[in-house]
Amino acid sequence: DTNRIPYDFAKINVCEYFKDCVEEIGLDLEAKGIGLSYFNYATADTMIIADPEQLRRVINNIIGNSVKYMNKTEKFINIRIKDGCRVEIEDHGPGIPPEDLPYIFDRFYRTDASRNSATGGSGIGLSIVKKIIEDHGGKIWATSKENSGTTMYFVIRKYQEVANE
């Protein structure tokens, strides 16, 4: 691991990009019996500079974790796009214990619940997600309530034209 991820940054329309992502994710979740709600509050012309493949990797990793640990009979995930490009991905899985929450983005960190389950995983997924978001000039964090679920948040800066004077 050289700690470097190759990026191919492009100007991306937030509404179009996430609409495509959600359609793709929706089919996969539907096949697994998981409901998906999508709310986009961004304006139609909101643009970001991002690597579309690496951003998709972030979304797929977060949703993959939600699916992996989902332990309820009725399963659902909510995706919300707010304030330009603030993304919220909410599940109603087992949640993350408060004592573990500060460490979930650390390399190789796994909560006791995930270590004791048969779900596998190396514990590097969320550290990669964090690196990708930070390499995009953004930030990522999570809130969680045990037995209620977890919400992952990340923000990518909006693209703004620079006026030449």
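Residues numbered from 1 in each chain as written. Predicted model: local features only at pLDDT ≥ 70, side-chain atom pairs only at ≥ 80, totals over all residues. Heavy atoms only, no water.

### Things to note about the pairing of strand E4 (residues 75-82)
One ladder, built from 7 bridges, connects strand E2 (residues 34-40) with E4; its direction is parallel. The partner of Leu36 across the bridge, within E4, is Ile77. Pairing analysis gives 6 bridges linking E4 to strand E5 (residues 86-91), with the strands arranged antiparallel. By the bridge assignment for E5, Arg80 is matched with Glu88. Taken together, E4 and the strand that follows it, E5, pair antiparallel across an intervening segment of 3 residues, in which Asp83 is found at a positive phi of about 40°. (Pairing = 2+ DSSP bridges. Helix = DSSP H or I, 4+ residues; strand = E, 2+ residues; numbered from the N terminus.)

### Thoughts on the side chain of Asp91
Mapped onto the elements, Asp91 comes out in strand E5. Buried and without a salt bridge, Asp91 has Lys72 as its closest oppositely charged side chain, separated by 7.0 Å. Of note is the side chain of Asp91, whose polar atom sits 2.8 Å from the side chain of Ser66. Sequence-distant contacts of Asp91, defined by excluding residues within four places in its chain, comprise Ser66, Met70, Phe76, Ile77, Ser148, Gly149 and Thr150. (Buried < 20%, exposed > 50% of the residue type's maximum accessible area, 1.4 Å probe, protein only. Lys, Arg positive; Asp, Glu negative; His and termini not counted. Salt bridge = Lys/Arg side-chain N within 4 Å of Asp/Glu carboxyl O. Polar contact = N/O pair within 3.5 Å; in protein donor to acceptor, adjacent residues only side chain to side chain. Contact = heavy atoms within 4.5 Å.)

### Examining the environment of Lys75
Here Lys75 is to be found in strand E4. The exposure class of Lys75 is partly exposed, given its relative accessible area of 27%. For the pair Lys75 and Gly33, spaced 42 residues apart in the sequence, the C-alpha separation amounts to 7.2 Å. Beyond its immediate stretch of four places on either side in the chain, Lys75 contacts Gly33, Ile34, Gly35, Met70 and His92.

### Looking at the confidence of the model for the protein chain
Here the protein chain averages 87 in pLDDT, and 85% of its residues register 70 or above. Per-residue pLDDT stays below 50 along residues 113-119; that stretch engages in 7 contacts with residues further than four places along the chain or on separate chains. (pLDDT = per-residue confidence, 0-100.)

### Concerning the packing of aromatic side chains
If you walk through the whole model with that rule in mind, you get 4 aromatic pairs. Measuring from centroid to centroid gives 6.5 Å for Phe39 and Tyr41, while their planes differ by 10°, and the two rings are stacked. (Phe/Tyr/Trp six-rings, centres within 6.5 Å; stacked < 30°, edge-to-face > 60°.)

### What to know about helix H2 (residues 52-69)
Here H2 contains 18 residues, and its C-alpha end-to-end distance of 26 Å stays within 8% of the 26 Å for a straight helix at 1.5 Å per residue. Listed in full, the buried residues belonging to H2 are Gln54, Leu55, Arg56, Val58, Ile59, Ile62, Ile63 and Ser66. (Expected span 1.5 Å × (residues − 1).)

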